[in-house]
Amino acid sequence: MDEQLILEVSQVTSYIKEIMDSDGLLTGLCIRGELSNYKTYPSGHHYFTLKDGKAALSCVMFRSNAMRLRFRPENGMTVLAAGRITVYERDGKYQLYCVSMSPEGAGDLSVAFEQLKKKLSAEGLFDESHKKPIPKYPHRIALITSSAGAALHDMLRILGQRYPLSEVKLLPVRVQGAEAPGEIAAALDHANRCRVADLIITGRGGGSMEDLWAFNEEIVARAIYRSEIPVISAVGHEPDVTISDYVADLRAATPSNAAELATPDKQDLIVRLRHLNSRMAQSLGKRLKLSRQQLSLRTSARVLRSPMEYLEDRRQQLDSDMERLAQLMTMHSGKARTDLLRRQERLPAAWQSSILNRRQQSGTLAARLDAMSPLKVLSRGYSITEKSGGSAIRSASELKAGEQIRIRFSKGSALASVDQIMEE
Amino acid sequence: MAKKSQTFEASMERLDEIVKLLENGDVSLEESIRLFEEGTKLSAQCSKLLDEAELKVTQLMQGPDGTPVEQEIPNA
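Thresholds, definitions, all that
- Residues numbered from 1 in each chain as written.
- Chains lettered and ligands numbered in written order.
- Predicted model: local features only at pLDDT ≥ 70, side-chain atom pairs only at ≥ 80, totals over all residues.
- Heavy atoms only, no water.
- Core = buried A, V, L, I, M, F, W, Y, C linked by side-chain atoms within 4.5 Å.
- Buried < 20%, exposed > 50% of the residue type's maximum accessible area, 1.4 Å probe, protein only.
- Contact = heavy atoms within 4.5 Å.
- Disulfide = S-S within 2.5 Å.
- 1 Å grid on protein atoms, 1.4 Å probe; cavity = no way out; pocket = protein on both sides within 12 Å on 5 of 7 lines; lining within 4 Å.
- Points joined across faces, edges and corners; volume = space filled by probe spheres on them.
- Helix = DSSP H or I, 4+ residues; strand = E, 2+ residues; numbered from the N terminus.
- Nonpolar A, V, L, I, M, F, W, Y, C, P; charged D, E, K, R; others polar.
- Domains from an automatic or database assignment.
- Salt bridge = Lys/Arg side-chain N within 4 Å of Asp/Glu carboxyl O.
- Patch = residues over 30% accessible without salt bridge, like charges linked within 9 Å, V, L, I, M, F, W, Y side chains within 5 Å.
- Areas by Shrake-Rupley, 256 points an atom, 1.4 Å probe, with all protein chains shown as cover.
- Buried area = accessible area lost by both parts, 1.4 Å probe.
- Polar contact = N/O pair within 3.5 Å; in protein donor to acceptor, adjacent residues only side chain to side chain.
- Phe/Tyr/Trp six-rings, centres within 6.5 Å; stacked < 30°, edge-to-face > 60°.
- Lys NZ or Arg CZ within 6 Å of the ring centre and 35° of its normal.

Re the nonpolar core
Core analysis: the largest hydrophobic core is formed by 58 residues, its most contacted members being A:Phe48, A:Leu50, A:Leu96, A:Met101 and A:Ile184. When sequence neighbours within four positions are dropped, the list of residues in contact with A:Met101 reads A:Leu35, A:Tyr38, A:Phe48, A:Met61, A:Leu69, A:Phe71, A:Pro73, A:Val79, A:Leu80 and A:Ala81.

Rendered as structure tokens:
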């Protein structure tokens, strides 16, 4: 045994590491396994174990790689992890240095989408109660989209056709790539801070899930949720649904559709104006007809045709009312004494006041009618001049010199003859 | 232009109100005629606004000092 080579721990560990590091398979692996013991450290490094039914493998993913994960790894998830296996000399154990990881089966983007959707939904970001109504007539519309895309062109064309009264504010942003989510969120916040509009449309034209990804980012979703200005989300084509669509106050299938949902249509407005006009004309016509009917009803009223006769009738009515009242009183006095005793205190008083009321009413009515009567006019010193036939004379031209006339005074009348006619 | 849209909205609201008042029939004949005149004037004004308006588009850009500046862009 004395010829035996003696090695230090570090020497042998280093030796093993060298073997492993020079192995073609171990330096470039892709491993399928189930995640367990997943831990994220404050340093940003992720530590976890990959296992199957028979074995387990320690893994580490450093911060720089972990940052690029599109989904949140969870225990129990089956993943494909890529990296190399080597020795961690301090602990004398081998582990997988994982550089990238994706969920098996579904793509990492769709897993990320489902995860974020679940998280934000649980937080209430999609709640109907938080959704704001879209203004009926948007005065200013902010478009948060690319200034180069076909989406902008389509939206401007449709907005111009439908409701050219509104003013469009374009906030140009990148809609794909690493910078896009930050720019879109910043534009949303800016639009709110400066109150540039009363409606926001944000979106882009169609593309792959990767292209549309900015609208699936949490930072964009939260900016939409924060917005006090209503937001219409318009991403991609009809079947594309993004997280932004769920958070927005209204989801449009496409940017063109958003422009339609945002505005009233000029053609509809013109039809509506025409309709309102005809309704006004119709109502006024009805009102005029009613007034004409009311007028003819009033001119034929008896009180105007023969006021004195009307007054006499009212007096007669009053007399007969009082007679009936007297009869009633007699009848009542003939009834049971107790009944009478109970009532006589308050009923006569009520009758009295009722009679008084009627008298007063009748008095004022008589005075008003009296004021209108031709007799009253005469009593103020006016007189009526009549032809011998009895018709009242309104103009001197109706007379000839020497003609007989009758002058009616308040009391009595006189016959006279015309000396001279003086026409104006 | 935003002002035009505001005028339009206010006019439409007043028009709706006028039609309702006229249709209710609670107003006097004189008032009806006045409302009708006001209504037809408003409706003509609204039609004119719609006929003559052109979409105005401005772009909000980052100025050299970082503050946003507005720039009108020709309608596409």
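We are not done yet, so read on.
Description of the state of the cysteines
Taken as a whole, this structure holds 0 disulfides over all chains when the rule is applied. A:Cys98 carries a free sulfur, and the closest cysteine sulfur to it, the one in A:Cys59, is 6.6 Å from it.

Here we look at the layout of surface pockets
Think of a ball as big as a water molecule: rolled over the atoms, this probe shows where empty space is left. Residue and element names in this part refer to chain A. What the largest pocket holds in volume is close to 430 Å³. Around the largest pocket sit 15 residues that line it, and Leu-69, Arg-70, Ala-112, Glu-217 and Glu-218 are the ones nearest its centre. If you tally residues by element for the lining of the largest pocket, the top one is helix α3 (residues 108-123), at 5 residues. Its residues placed into classes, the lining of the largest pocket shows 7 nonpolar, 2 polar and 6 charged. The two domains that each donate at least three residues to the lining of the largest pocket are domain 1 (9-105) and domain 2 (125-264).

Notes on the pattern of salt bridges
In total, this model carries 24 salt bridges over all chains according to the counting rule given. In this structure, A:Glu74 and A:Arg72 form a salt bridge, with 3.6 Å as the shortest nitrogen-oxygen distance. The class of A:Glu74 is partly exposed, set by a relative accessible area of 35%. A residue is classified by how much of its surface remains accessible, and A:Arg72, at 43% relative accessible area, is partly exposed. A salt bridge links A:Glu183 to A:Arg174; its shortest N-O distance comes to 2.7 Å. Several salt bridges share partner residues, and in doing so they unite B:Arg14, B:Glu17, B:Glu31, B:Arg34 and B:Glu38 into one network.

Observations concerning a nonpolar patch on the surface
Residue and element names in this part refer to chain A. Nonpolar side chains collect at one region of the surface, where Leu-5, Leu-7, Val-12, Tyr-15, Ile-16 and Ile-19 lie side by side and expose about 590 Å² of accessible area between them. Here Leu-5 shows up in the segment before α1 (9-21). For Leu-5, a relative accessible area of 65% puts it in the exposed group.

Digging into the interface of chain A and chain B
Facing the 35 residues of chain A at the interface are 43 residues of chain B. Buried area between chain A and chain B, both sides added, is near 3600 Å², and the carbon and sulfur share of it is 68%. When the buried area of chain A at its contact with chain B is split by residue, A:Leu165, A:Leu273 and A:Met280 rank highest and sum to 20% of it. On the surface where chain A and chain B come into contact, there are 12 residue pairs in polar contact (both at pLDDT 80 or more). Elements that contribute at least two residues to the side of chain A that touches chain B include exactly α4 (150-162), β7 (167-172) and α9 (266-299) of chain A. Examining the composition of the side of chain A that touches chain B, we find that 15 residues originate from one element, α9(A), more than from any other. Here the residues of the side of chain A that touches chain B sort into 20 nonpolar, 8 polar and 7 charged.

Focus on the packing of aromatic side chains
All names here are of chain A. Overall, the coordinates contain 8 aromatic pairs over all chains when judged by the stated rule. Centroid distance Tyr-38 to Phe-48: 5.0 Å. Interplanar angle 10°. Geometry classified as stacked. Here Tyr-38 is found in strand β1 (residues 29-40), whereas its partner Phe-48 is found in strand β2 (residues 46-51), with 10 residues between them in sequence. We note that Tyr-38, like Phe-48, is buried. Taken together, the ring pairs connect Phe-113, Phe-126 and Tyr-246 into an aromatic cluster. In this arrangement the basic side chain of Arg-84 is found over the ring face of Tyr-97, its NZ or CZ atom lying 5.2 Å from the centre.

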